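If you want the building blocks of each chain, they are given just below.
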Amino acid sequence: MKTRTFLLCFIMSAFLIQAQTLKVPTTKDVKKAEQSTKTEVAKTTDQASIGSLIGQLTGNISDNSFTDSFKKNKSDFVAKTNTIKDAAGASTALQSLQGGLLPTAMDAGWGSVKGKWLKDAKTANTVKSVAGLTGTLEKNLNPSVFKGSWGQARPAWQAALGALAK
C-alpha cells in the first residue's frame, strides 16, 4: 500500500512539474508574432507586382498548353511581365496570355465566363481588377497544364495576388 501511494505521489509530482514548465505566451509575445506576420505579408506584397505574378503563372504552365507562336516567345513574354508596373500593361499581358493558350488548356467552366472575362480584361484599369482577372484565369485552367512545381508555388502566389486584389 505504501508503495502504491508513493508511486501515485511520484507520478502526480511529475505531471505537476511538467505542467509548470509549459510556457504560456504573454500578450507581448502574441503582439510580436502578429507584427512579424504582418511584416512578412508586406514584404511579399511589396516584392510582387501584378506583372511578376502574371509571369510566374505563365512560367508554371506547360509549353504544350500554348499555341506555337506563343510558345516561341514565352521566355520573352515572361521577362517583359516582370517590368510591368501598371494596370494597363498587366491587362494587355493577361489578354496575351489568355490568347496564347490552347482551348484544351481551359477547363469546362471557362466557356461560361470567357465572354465576361474578355470584356472585363479590355476595360480593366486598376491593379485590383487585373489581379481578380488573373485569379479567374488561373482557376479556370485545366489542372493538368501546370508544371509539378506549381503546387508548391501556388499558395504564396495566391497570397500575393490576394493582397493586390484588395
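The structure presented is a predicted model; accordingly, all values stated were derived computationally and were not measured.

K.L.:
Just checking my understanding: could you explain the overall build of the chain for this structure?
P.N.:
Per the secondary structure count, the chain includes 8 helices and 0 strands. Ordered by position in the sequence, the α and β elements of the chain form the string α-α-α-α-α-α-α-α. Counting over 166 residues, the chain shows a buried share of 31%. Summing over all exposed atoms, the chain offers an accessible surface of approximately 10800 Å²; the carbon and sulfur share of this is 60%.

K.L.:
Sorry, what's going on with the packing of helix α4 (residues 68-81) against helix α5 (residues 87-100) here?
P.N.:
Think of two packed helices as two axes; the pair is described by the angle between the axes and how far apart they sit. The geometry of α4 relative to α5 is characterised by a closest axis approach of 12 Å and an angle of 160° between their N-to-C directions. Between α4 and α5, the interaxial angle falls into the category roughly antiparallel. Seen from above, α4 lies across α5 with left-handed handedness. For the pair α4 and α5, contact is made by Phe70, Phe77 and Thr81 and by Ala93, Ser96, Leu97 and Gly100, respectively. Residue classes in the contact of α4 with α5 are distributed as 4 nonpolar, 3 polar and no charged.

K.L.:
Explanation requested: the nonpolar core in the structure shown.
P.N.:
Generally speaking, nonpolar side chains in soluble globular proteins are found buried as a group. Formed by 33 residues in total, the largest nonpolar core has its most connected members in Ile61 and Leu97. Those elements giving two or more residues to this core turn out to be α3 (50-59), α4, α5, α6 (110-123), α7 (127-139) and α8 (150-164). Excluding its chain neighbours within four sequence positions, the residues that come into contact with Ile61 are Phe66, Lys74, Leu97, Leu101, Leu141, Val145, Phe146 and Lys147.

K.L.:
Explain the packing of α5 against α6 here, please?
P.N.:
Across the interface, α5 lies against α6 with an axial gap of 10 Å and an inter-helix angle of 150°. Taken together, the axes of α5 and α6 are roughly antiparallel relative to one another. Seen along the crossing, α5 lies across α6 with a hand that is left-handed. Packed against α5, whose contacting residues are Ser91, Leu94, Gln95 and Gln98, the element α6 presents Trp110, Lys114, Trp117, Leu118, Ala121 and Lys122 at the interface. For the contact of α5 with α6, a count of residues per class yields 5 nonpolar, 3 polar and 2 charged.

K.L.:
Is there a simple way to explain α4 in this structure?
P.N.:
Along an α-helix, residues three or four apart share an orientation, since each turn contains 3.6 residues. Look at α4: 19 Å from first C-alpha to last across 14 residues, which is about the 20 Å you get at 1.5 Å a residue. Maximum bend of α4: about 60°, positioned at Lys74. When we look at burial in α4, the residues that qualify are Phe70, Lys74, Phe77, Val78 and Thr81. Against α3 and α5 lie the buried residues of α4.

K.L.:
For this particular structure, what's the right way to read the packing of aromatic side chains?
P.N.:
The geometry of an aromatic ring pair comes down to the distance between the two centres and the angle between the two planes. Taken as a whole and assessed by the stated rule, the structure comprises 5 aromatic pairs. Consider the rings of Trp150 and Trp157, whose centres lie 5.2 Å apart with planes at 65°: the pair is edge-to-face. Trp157 carries the same exposure label as Trp150, and that label is buried. Taken together, the ring pairs in this structure connect Phe66, Phe70 and Phe77 into an aromatic cluster.

K.L.:
Help me understand the environment of Ser112, please; the structure alone is not making it clear to me.
P.N.:
Its place among the elements puts Ser112 in helix α6. The class for Ser112 is exposed, based on a relative accessible area of 65%. Only 2.8 Å separates the side chain of Ser112 from the backbone oxygen of Gly109, close enough to count as a polar contact.

K.L.:
Would you take a moment to explain the side chain of Thr134 for this structure?
P.N.:
Relative to the assigned elements, Thr134 resides in helix α7. Residue class for Thr134 comes out buried when judged on its relative accessible area of 0%.

Parameters and conventions
- Residues numbered from 1 in each chain as written.
- Predicted model: local features only at pLDDT ≥ 70, side-chain atom pairs only at ≥ 80, totals over all residues.
- Heavy atoms only, no water.
- Helix = DSSP H or I, 4+ residues; strand = E, 2+ residues; numbered from the N terminus.
- Buried < 20%, exposed > 50% of the residue type's maximum accessible area, 1.4 Å probe, protein only.
- Areas by Shrake-Rupley, 256 points an atom, 1.4 Å probe, with all protein chains shown as cover.
- Axes fitted to C-alpha atoms, helices over the stretch in contact; angles between N-to-C directions.
- Parallel < 35°, antiparallel > 145°, perpendicular 65-115°, else oblique.
- Left-handed = near helix turned anticlockwise from the far one by under 90°.
- Contact = heavy atoms within 4.5 Å.
- Nonpolar A, V, L, I, M, F, W, Y, C, P; charged D, E, K, R; others polar.
- Core = buried A, V, L, I, M, F, W, Y, C linked by side-chain atoms within 4.5 Å.
- Expected span 1.5 Å × (residues − 1).
- Bend = angle between axes of the 7 residues up to and from the residue.
- Phe/Tyr/Trp six-rings, centres within 6.5 Å; stacked < 30°, edge-to-face > 60°.
- Polar contact = N/O pair within 3.5 Å; in protein donor to acceptor, adjacent residues only side chain to side chain.

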